[in-house]
Structure formats: C-alpha cells, structure tokens
Amino acid sequence: VQKVQTYAPVLSYIEEHGQGAVVWAPDELAPYILVHTKAKVLFAQQGGLYSIPSEEQHERYLISRFPNTVSIDSLIRDVGLYDLVAPKSHIEFGLRIRPCSVAGNCDPIQTYAAYQGEQYFQSMKDRYEGDVKPHISEYLDLYQVRFIVMPSGTELDPKIHAEKVYTDPQYSLYERK
C-alpha cells in the first residue's frame, strides 16, 4: 500500500486560509509547510540555517515540544534539531568529536553531549519545565502562532485556547484567535 502525500489536504487548507500565518506543526510536517504554502512555521530544524540566533532556535524547539515531557536524554537525542553546531551524524551514529581552536590546539576526543556538559542540557530542561510549559500561551503569542497542527485523535492541551477548524484522517488543525 502506497501513501502518497497524505499531508497534502492539511497543506491545502493552510495555503487557502493561512497565508503568512505562523503554524506550529509536527517536525515531520514543518518542512512541507515551508515548501508548499506561504505560511511560516514556529519551529523547523532548518531555522538555524537562516541566521536565527541559537537562543531563539532553542526556545522555538522547547515550545514545539509542548506538552510532551522533555528529558536530558530527549534533549541529547534531539540536539541535531536545535543546535546546528552539532552535526546530526555525530548524534545519530554516536561519533565522537575533537574540538580544535583556530590555532590548532585540540581538546580530547569526546561525544558532543560530553563536550556541552550535562549542565547545558539540564538548563534547557529546567527552562522548559519552569518557563515554557507554564507560559505556553504567552510564547505562542510572542511568536504569533495562529494555527496548530496535531495528529488526528490527539487533543489540544486546554491551556491553549484554539478552535478546531479542519480535520482529516491524519491531521487536525486548530486556529488561535
């Protein structure tokens, strides 16, 4: 059985009703929104390629994880999504890196997670739990999120006030007003 562009119907709705709008979408759908519509996305891995500051890319990543649990392990696993300094291959294949200065002085070979240190990931986790989760509506306002795409059958968290405006077998689309 072949699945061909199962995302096309929700993209058509966004294109018709959300030109220029900011859309919060699952990681697997965000790149298609950027290519097939005139809408913007809250978070996409590619965001770091467009001169977005690292801190903002980290913040957008944390917002996009709501309401899921964020752990040190999930932050280490996803570091290739939000930290473009970490080549994805280093994360996926457990390769080790050897940071070197321009002068040629090199640190010992280590994993990217070890290089950043546990405090780096702990501070992101603490920010998610202590700031992003309790203030999700304010963050969505800050980034002017108008539409939220969720897998069909997944209910939107009650902290987020939005109306379901579209649904198909794969996705539901909510609009914040």
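Residues numbered from 1 in each chain as written. Predicted model: local features only at pLDDT ≥ 70, side-chain atom pairs only at ≥ 80, totals over all residues. Heavy atoms only, no water.

Across its full length, the protein chain holds nine helices and five strands. Starting at the N terminus and ending at the C terminus, the protein chain contains elements arranged as α-β-α-β-α-α-α-α-α-α-α-β-β-β. When burial is assessed residue by residue, the protein chain has 42% of its 177 residues classed as buried. Contacts in the protein chain between residues far apart in sequence, at least 24 positions, make up 49% of those at least 6 positions apart. When the accessible surface of the protein chain is split by element, carbon and sulfur atoms take 52% of a total near 10,000 Å². (Helix = DSSP H or I, 4+ residues; strand = E, 2+ residues; numbered from the N terminus. Buried < 20%, exposed > 50% of the residue type's maximum accessible area, 1.4 Å probe, protein only. Contact = heavy atoms within 4.5 Å. Areas by Shrake-Rupley, 256 points an atom, 1.4 Å probe, with all protein chains shown as cover.)

Every buried residue of helix α1 (residues 8-17) is accounted for by V10, L11, Y13, I14 and E15. Those residues of α1 hidden inside the fold are in contact with β1 (22-24), α2 (30-36), β3 (145-151), β4 (163-167) and β5 (171-175).

In this fold, V165 is placed in strand β4. Put simply, V165 and R176 are eleven residues apart on the chain and 9.9 Å apart in space, counted from C-alpha to C-alpha.

An α-helical segment advances 3.6 residues per turn. Residues three or four places apart therefore align on the same side. In this model helix α8 (residues 118-132) runs 20 Å from its N-terminal to its C-terminal C-alpha over 15 residues, within 8% of the 21 Å that 1.5 Å per residue would give. Those residues of α8 that are buried are in contact with α3 (54-65), α4 (72-77), α5 (79-82), α7 (112-116) and α9 (136-142). (Expected span 1.5 Å × (residues − 1).)

We now examine the confidence of the model for the protein chain. With 82% of its residues at a pLDDT of 70 or more, the protein chain shows a mean pLDDT of 85. For residues 87-93, every residue scores under 50 in pLDDT, and the model assigns this stretch twelve contacts once sequence neighbours within four places are set aside. (pLDDT = per-residue confidence, 0-100.)

Applying the stated rule across the entire model yields twelve salt bridges. For D131, the salt bridge goes to R127, with nearest N and O atoms at 3.8 Å. Placement of the pair is D131 and R127 together in helix α8, with a separation of four residues, close to one helical turn. What makes R127 partly exposed here is its relative accessible area of 23%. (Salt bridge = Lys/Arg side-chain N within 4 Å of Asp/Glu carboxyl O.)

It is worth spelling out the nonpolar core at this point. Within soluble globular proteins, side chains that are nonpolar tend to cluster in buried spots. Residues L42, Y82, L140 and I148 are the most contacted members of the largest nonpolar core, which totals 30 residues. Those elements that provide at least two residues to this core are β1, α3, α4, α5, α8, α9 and β3. Considering every element that reaches this core, the biggest residue donor is α8, with five residues. With sequence-adjacent residues up to four places away left out, I148 is seen in contact with W24, L140, L156, I160, S172, L173, Y174 and R176. With 19 residues, the next largest nonpolar core counts A21, L29, A44 and F147 among its residues. (Core = buried A, V, L, I, M, F, W, Y, C linked by side-chain atoms within 4.5 Å.)

Further remarks concern the sheet that holds strand β2 (residues 40-41). Read from one edge of the open sheet, five strands run β2-β1-β3-β5-β4, paired in mixed fashion. Since the sheet does not close on itself, it has two edges, and those belong to β2 and β4, each with one partner. Pairing analysis gives three bridges linking β1 to β3, with the strands arranged parallel. By the bridge assignment, V23 is partnered in β3 with F147. (Pairing = 2+ DSSP bridges.)

A separate point is the pairing of β5. Of all the five residues making up β5, five are buried; the element is thus mostly covered by neighbouring parts of the structure. Going residue by residue along β5, you find Y171, L173 and E175 tucked away on one face and S172 and Y174 tucked away on the opposite face as well. Where β3 meets β5, five bridges bridge the pair, whose relative direction is antiparallel. In the sheet register, F147 faces β5, and the bridge partner there is E175. Bridging between β4 and β5 involves four bridges; their strand directions are antiparallel. Directly across from K164, in β5, lies its bridge partner Y174. In this antiparallel pair of consecutive strands, β4 and β5, the connection spans three residues.

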